[in-house]
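Residue-level listing of the chains:
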Amino acid sequence: MTEQRQRPRRRGQGELEALVLSALGEADGPATAGWVQERLGGDLAYTTVITILTRLLAKGAVTRERAGRSFAWTPASDQAGLAAHRMRKVLDSEGDREAVLTSFVTGLGPDDERLLRELLGQSRNEGED
């Protein structure tokens, strides 16, 4: 009987970015890619961590500063901020913003709709100050 090799589970889109961003959020300050790799248990190759950090930099989710011959990375926003950025990007790429927003809002469940109404109300009240 031949043993079949089990392939590692393929991660979902954005899952690695979320993991790296979460690790950076746990750092006491700017962190190197090596520190992030170690924090994630060493399962990812160093080059993979660098690739993810570079993608996050392009999305505005992290910043970097020189640290010797390498870089130290800092989260520019949390996971919620990154998700909001992706949502704005999708909205900006569509021609009919009203149709997209209408479709989004009508697809919300009652709890999410209530929360959105509360947030919009708070936003209006802050604008009146």
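Note that the structure is a prediction, hence the values are computed from the model and not measured.

Procedures and definitions
Residue numbers restart at each chain and count upward from 1, following the sequence in its written direction. Per-residue local features of the predicted model are confined to residues with pLDDT of at least 70, and side-chain atom pairs are confined, for both listing and counting, to 80 or more; whole-chain, interface and lining totals are unaffected and use all residues. Side-chain figures throughout are based on the complete set of non-hydrogen atoms in the structure, without hydrogens or water. Strand pairing follows a simple DSSP-based rule, namely that at least 2 bridges must link the two strands. We count a stretch as a helix when DSSP gives it H or I for four or more residues in a row; a strand needs E for two or more, and each element gets its number in order from the N terminus. Surface patches are drawn from residues lacking salt bridges whose relative accessible area is over 30%; two like charges belong together within 9 Å, two nonpolar side chains (Val, Leu, Ile, Met, Phe, Trp, Tyr) within 5 Å. With residues, only the protein chains shown are counted as cover, and all accessible areas are computed by Shrake-Rupley using a 1.4 Å probe. One side-chain nitrogen of Lys or Arg within 4 Å of one carboxyl oxygen of Asp or Glu is enough to make a salt bridge. Accessible area is worked out with a 1.4 Å probe on protein chains only. A residue is then buried under 20% of its type maximum, exposed over 50%, and partly exposed in between.

Caption draft 1: Structural view of the pairing of strand E2 (residues 70–75). Note: strand E1 (residues 62–67) against E2, six bridges, orientation antiparallel. Bridge assignment links arginine 64 to a residue of E2, and that residue is tryptophan 73. Between the antiparallel neighbours E1 and E2 lie two residues, among them glycine 68 with a positive phi of about 70 degrees.

Caption draft 2: Structural detail: a nonpolar patch on the surface. On the surface, a nonpolar cluster with roughly 270 Å² of combined accessible area is contributed by Met87, Phe104 and Val105. Looking at the element boundaries, valine 105 is found in helix H5 (residues 97–106). Residue classification places valine 105 among the partly exposed residues on the basis of a relative accessible area of 33%.

Caption draft 3: Representation of the pattern of salt bridges in the model. In the structure shown here, the tally under the stated rule is five salt bridges. A salt bridge links arginine 97 to aspartate 92, with the shortest nitrogen-to-oxygen separation between them at 2.8 Å. Among the residues examined, arginine 97 registers a relative accessible area of 39% and is labelled partly exposed. A relative accessible area of 53% places aspartate 92 in the exposed class. One salt bridge connects glutamate 118 with arginine 114, and the closest N-O pair in it is separated by 3.1 Å. Of this pair, glutamate 118 and arginine 114 both sit in helix H6 (residues 110–127), four residues apart, roughly one helical turn.

Limitation: the analysis is restricted to geometry and does not speak to function.
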